[in-house]
Amino acid sequence: MRLTENKLLCGALVFLAALGVYANSVRGTFHWEDEYIVRDNVHIRTLRNIPAFFRPGYINVYESGQGQRYRPLRTVTLALDYAVWKDDARGYHLTNVLLHGAASVAGWGLCLAVSGNPGISLAAGLLFAVHPAHAESVAWVKNRSDILCSVFYLLSGLLFALFLKNRRRALLALSVLALAPAFLAKEMAVTAPIAFTLLLLWENLSNGRRPEEGWYWLLPHYALLSLYLIFRQGVMSGESLFPGGIWSHLIFVAGTAGEYIRLLLWPVKLSIERAVPAGPMLGLDVSLALLAAAALVFFSFRRRKGALWLSLFLLLLLPVLNISYITGRPFAEQRVYLPSLAFMMFAAWAAAGSLGRLGGGRRWAAGLLAVLVLAAGGRPLARNSDW
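Thresholds applied
- Residues numbered from 1 in each chain as written.
- Predicted model: local features only at pLDDT ≥ 70, side-chain atom pairs only at ≥ 80, totals over all residues.
- Heavy atoms only, no water.
- Helix = DSSP H or I, 4+ residues; strand = E, 2+ residues; numbered from the N terminus.
- Rg over C-alpha atoms; globule rule 2.2 N^0.38 Å.
- Buried < 20%, exposed > 50% of the residue type's maximum accessible area, 1.4 Å probe, protein only.
- Contact = heavy atoms within 4.5 Å.
- Areas by Shrake-Rupley, 256 points an atom, 1.4 Å probe, with all protein chains shown as cover.
- Lys, Arg positive; Asp, Glu negative; His and termini not counted.
- Charge placed at Lys NZ, Arg CZ, Asp CG, Glu CD.
- Expected span 1.5 Å × (residues − 1).
- Core = buried A, V, L, I, M, F, W, Y, C linked by side-chain atoms within 4.5 Å.
- Phe/Tyr/Trp six-rings, centres within 6.5 Å; stacked < 30°, edge-to-face > 60°.
- pLDDT = per-residue confidence, 0-100.
- Axes fitted to C-alpha atoms, helices over the stretch in contact; angles between N-to-C directions.
- Parallel < 35°, antiparallel > 145°, perpendicular 65-115°, else oblique.
- Polar contact = N/O pair within 3.5 Å; in protein donor to acceptor, adjacent residues only side chain to side chain.
- Patch = residues over 30% accessible without salt bridge, like charges linked within 9 Å, V, L, I, M, F, W, Y side chains within 5 Å.
- Salt bridge = Lys/Arg side-chain N within 4 Å of Asp/Glu carboxyl O.

1. Focus on the overall build of the chain
Piece 1. Check the secondary structure of the chain and you find 16 helices and zero strands.
Piece 2. Since a compact globule built from 387 residues should have a radius of gyration of about 21 Å, the 20 Å found for the chain is in line with a globular shape.
Piece 3. Dimensions of the chain, computed from the C-alpha atoms along their principal axes, are close to 60 × 50 × 45 Å.
Piece 4. Residues classed as buried in the chain amount to 53% of the 387 residues present.
Piece 5. A sequence separation of at least 24 residues applies to 77% of the contacts in the chain between residues at least 6 apart.
Piece 6. In the form shown here, the chain has an accessible surface area of approximately 17500 Å², with 67% of it arising from carbon and sulfur atoms.
Piece 7. One way to put it: in the chain the 36 positive side-chain charges average out to a point 9 Å from where the 21 negative ones average out.

Following this line, the structure appears as structure tokens:
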């Protein structure tokens, strides 16, 4: 039996890879917003306050939600951390690392359930687990919201993908239940029902079924989305406007997409104060975005599996592309956390296809994966020390 055929071993390998490269972040302290969200937050010091964390007023006043962010699940986990670790920052960082391991395993499982290719899925899971761009999400306690949302988002997607394979209603129900906490963790969850629609569409087309077959299975997921949007419309504030004209806004959105693609391909010069695309780099970033769009059209017409992963990547990026302008930090490395899984799967699929044309493709693929994981894994170790 090859390693990739042993699911338990593959899952453990992905989990341990995530823990291994981010383990030294546990030595970190509380940074910036951590000081008032965690260290000086008297409200998390008793579990009796947990119901209050779900009130939008609490988020706006004590966590600088500014009427646009609603992430009570993060605060609940911080209260649970305080019950165990009190003021010891190492415990909070340990929780982030363990959650990252869980997200990595859920992501690997989702890739495997959808693709049915254990080798490509393992490659995607390992690259997601060790990618240096995730340091901002893992090593910064307050960015736990990225990881929490991803854990439940990917778990819900995994359960839905398994449901599509064997049609067990319990899996569908569990998928809906798993998605609910994702909405309470971060706004990125709004793309989930659409992402699952793409999974359903691909499953139908791959098996010669009508594209719309089984659409009603997603009604509970869309009902959750509707409730969330109604809630936001009713009690949260409006969105920020881009400080420029329509054309400059479109260029900025495309540049943001290209910058995230470049970050995933070449994760160097990582910084919490990463500059927004400008000058010659803006041209490069826009070109990368257009290239990704062209690749999506090309693979879609040819019905290649790469089209699924590339479309999922671009869909997951939508909330962070400044279509609705993000004030403060329009571009941040933490925001590519969830979308990066689909990108890693697309990259693994493309690399496997290219290497498959060579003699000894499996050996080439295994060697390339080992080099990439080791090279990428060394960068977070250094980045964690920065934090």
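2. A few points about helix 5 (residues 89–115)
Piece 1. Along its 27 residues, helix 5 runs 39 Å from first to last C-alpha, staying within 8% of the 39 Å computed at 1.5 Å per residue.
Piece 2. Counting buried positions along helix 5 yields 22 of 27 residues, so the element is predominantly enclosed.
Piece 3. Two residues or fewer past helix 5, Gly 116 is found with a positive phi of approximately 70°.

3. Notes on the nonpolar core
Piece 1. Ranked by size, the top nonpolar core spans 101 residues in total, and within it Tyr 153, Phe 160, Phe 196, Leu 199, Tyr 260, Trp 309 and Phe 313 carry the most contacts.
Piece 2. With 12 residues, the top contributor of residues to this core is helix 8 (residues 144–166).
Piece 3. Counting 16 residues, the second-largest nonpolar core is a separate cluster that includes Phe 30, Ile 44, Phe 53 and Tyr 92.

4. Digging into the packing of aromatic side chains
Piece 1. Using the criterion set out here, one finds 18 aromatic pairs in the structure.
Piece 2. With 6.1 Å between their ring centres and 35° between their planes, Phe 160 and Phe 163 make a pair best called tilted. Residue Phe 160 and its partner Phe 163 are located together in helix 8, separated by three residues, close to a single helical turn. Each member of the pair, Phe 160 as well as Phe 163, carries the same accessibility label: buried.
Piece 3. A residue is classified by how much of its surface remains accessible, and Phe 160, at 0% relative accessible area, is buried.
Piece 4. Put simply, the rings of Tyr 153, Phe 160, Phe 163, Phe 196, Trp 215, Tyr 216 and Trp 217 touch in pairs and so form one group of aromatic residues.

5. Section: the confidence of the model for the chain
Piece 1. Confidence in the prediction of the chain, expressed as mean pLDDT, is 89, and 91% of residues score 70 or more.
Piece 2. Of all secondary-structure elements in the chain, the lowest mean pLDDT belongs to helix 16 (residues 361–386), at 69, while helix 9 (residues 169–183) reaches the highest, 98.

6. Examining unusual backbone geometry
Piece 1. Despite not being glycine, Arg 167 shows a phi value in the positive range, around 60°.
Piece 2. Note on placement: Arg 167 falls in the loop between helix 8 and helix 9.
Piece 3. A relative accessible area of 30% means that Arg 167 is categorised as partly exposed.
Piece 4. A positive phi angle, near 65°, is found at Asn 322, a position not held by glycine.
Piece 5. Note on placement: Asn 322 falls in the loop between helix 14 (305–317) and helix 15 (339–355).

7. Examining the packing of helix 4 (residues 72–85) against helix 8
Piece 1. One can describe the packing of helix 4 onto helix 8 by two numbers: an axis separation of 9 Å at closest approach and a directional angle of 105°. Between helix 4 and helix 8, the interaxial angle falls into the category roughly perpendicular. For the pair helix 4 and helix 8, contact is made by Leu 73, Arg 74, Thr 77, Leu 78 and Asp 81 and by Arg 144, Ser 145, Leu 148 and Phe 152, respectively.

8. Topic: the environment of Asp 81
Piece 1. Positionally, Asp 81 belongs in helix 4.
Piece 2. The sequence separation of Asp 81 and Tyr 92 amounts to 11 residues, and the corresponding C-alpha distance is 6.2 Å.
Piece 3. Not counting chain neighbours up to four residues away, the residues in contact with Asp 81 comprise Lys 86, Gly 91, Tyr 92, Thr 95 and Arg 144.
Piece 4. Separated by 2.8 Å, the side chains of Asp 81 and Thr 95 make a polar contact.
Piece 5. Separated by 2.7 Å, the side chains of Asp 81 and Arg 144 make a polar contact.

9. Thoughts on a nonpolar patch on the surface
Piece 1. A cluster of nonpolar side chains, namely Val 84, Trp 85, Leu 94 and Leu 98, defines an oily patch on the protein surface of about 340 Å² accessible area.
Piece 2. When residues of the nonpolar patch are traced back to their parent elements, those giving at least two are helix 4 and helix 5.

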